[in-house]
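Inside the fold
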Amino acid sequence: MNWYNFAVQFADAQWHRTAGNSRKNTAKALMTATVALLRTPPAAFKSVDVRTALREFAFNTRRREEASAEVLTILKWVERNTMSMAAWEDPAKVDEVLHALGTKLDGTRAAASSVKRNRRILNVAMEYAVKHRILRTNPLPKGRGSVPKTSSAIDKRSLLNPEQAARLLGWVRRRPRGGKRLHAFFATLYYAGPRPEEVVAMDVADVRLPEEGADDQWCELLFHTAQPEVGKNWTDDGEIHEERGLKGRAADDTRVVPGHPSLTRILREHIKTKHLKPGDLLFQGEKGEMLAGSVIRRAWRSARKEVLTPEEFASPLGKRVYDLRHTCLTRWLNDGVPPAQVAEWAGNSVPVLLAIYARCVSGQLRDLKRRMEAGEDLPELPETA
């Protein structure tokens, strides 16, 4: 069997068992491996056209039948010019493919996380080949050093202090177009720490607000669905978002998170101003549709550019919308909330939580020293003759 035909078969096998983002990542990895396994470089086609044809059509089960005549011509050429699966028995060729998977188009080294993801996808493909008796053994190297080390710990420089967060959210609120809606969205991330794809999926009924005159003004947020944005080309129904359960949870599981009184005030005003009903989406686009990721990212980037100094803007400080979640969870840990409770609210396991945030816990050293110092010293023992 030639590699191209095998890769198409593998992509189809993975399509129905994986989510949209995984399908997209699989197509990218297979595209890179296929280009590396061509017998000759494409002389009659542009490299970018070959890569696009492979990524967007050959390894996309839903769109393959939509390929234009030009794309089909490219794919037929690739099929004729791709090496057979026997190429994987050559260690030098395996190293060449792995090098391609770890290199960006400009020749520089890809991020360790991208390399690790591509290696993992290719490893699944090789195991699939072994299972179907296309290869005798998995040819990929094993053991220490075969995959680059990655760290899940967040960069402390990405965390916002209260003053920086206030200035950024204040600028968003004053934004003429959809500012108040986006301000409430970002405030939910900052005060409650959910993932952005969980917030865009919230209905008004998922917010439990206290009575306005109640002494306790903490609200509760219920998370039960996520709507990650993966692109219409990679979902089964052609929608941009893909509805999924909560990450790392059983199907139909839910998570309840307390909302700070400041968030209660913001969400109450948002619901009243927009005249939202219990069944409505809590945060909507301009036409009542789901809030688009491009709108969210563009507003956040504009806020950083306007509020931060040029040096801060160029730094990792709050560079991603996701950093609002990181800031919230780190703040909870620094405030002394037990890790098990933070993990429950965040939708993480305790080991994952600590691996990500333990290095950012600070401000407790003085209290910890007092606790250790309060412990009894070694007792004085009588001298023996």
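Scroll up for the structure.
The present account deals with the structure reproduced in this document. Since the structure is predicted, the reported quantities are computational estimates derived from the model, not experimental observations.

We now examine the overall build of the protein. Per the secondary structure count, the protein includes 16 helices and 3 strands. Structurally, the protein occupies a C-alpha span of about 85 × 75 × 45 Å along its principal axes. Taking all contacts inside the protein whose residues are at least 6 apart in sequence as the whole, residues at least 24 apart take part in 69%. Of the roughly 21500 Å² that the protein leaves accessible, carbon and sulfur atoms contribute 51%. Treating the 62 positive side-chain charges of the protein as one cloud and the 48 negative ones as another, the clouds have centres 6 Å apart.

Those residues of helix α14 (residues 339-346) that fall on the buried side of the exposure criterion are Val-342, Ala-343, Trp-345 and Ala-346. Viewed end-on, α14 has its buried residues packed into an arc of 165°, placing them on one side of the element. Packed against the buried residues of α14 are β3 (255-259), α13 (323-334) and α15 (350-357). Positioned one or two residues after α14, Gly-347 has a phi angle of 80°, which is positive.

Of all hydrophobic cores here, the largest spans 57 residues; its most connected members are Phe-185, Phe-186, Leu-221 and Leu-282. Secondary structure elements with two or more residues in this core: α7 (162-173), α8 (179-192), β2 (219-223), α10 (261-273), α11 (293-307), α13, α14 and α15. Sort the elements by how many residues they give to this core and α8 lands first, with 8 residues. When sequence neighbours within four positions are dropped, the list of residues in contact with Phe-186 reads Leu-169, Val-172, Ile-296, Ala-299, Trp-300, Val-321 and Leu-324.

Enumeration over the complete set of coordinates arrives at 13 aromatic pairs. Ring geometry for Phe-186 against Trp-300: centres 5.1 Å apart, planes inclined by 50°, an arrangement best described as tilted. With Phe-186 in helix α8 and Trp-300 in helix α11, this pair connects stretches of sequence that are 114 residues apart. In this structure Phe-186 comes out as buried when scored by relative accessible area, which is 0%. On the basis of relative accessible area, Trp-300 is assigned to the buried category, the value being 1%. Ring pairing ties together the aromatic residues Trp-3, Phe-6, Phe-10, Trp-88 and Tyr-128, which thus form one cluster.

Rules of the game
Residues numbered from 1 in each chain as written. Predicted model: local features only at pLDDT ≥ 70, side-chain atom pairs only at ≥ 80, totals over all residues. Heavy atoms only, no water. Helix = DSSP H or I, 4+ residues; strand = E, 2+ residues; numbered from the N terminus. Contact = heavy atoms within 4.5 Å. Areas by Shrake-Rupley, 256 points an atom, 1.4 Å probe, with all protein chains shown as cover. Lys, Arg positive; Asp, Glu negative; His and termini not counted. Charge placed at Lys NZ, Arg CZ, Asp CG, Glu CD. Buried < 20%, exposed > 50% of the residue type's maximum accessible area, 1.4 Å probe, protein only. Arc of directions from axis to C-beta. Core = buried A, V, L, I, M, F, W, Y, C linked by side-chain atoms within 4.5 Å. Phe/Tyr/Trp six-rings, centres within 6.5 Å; stacked < 30°, edge-to-face > 60°.

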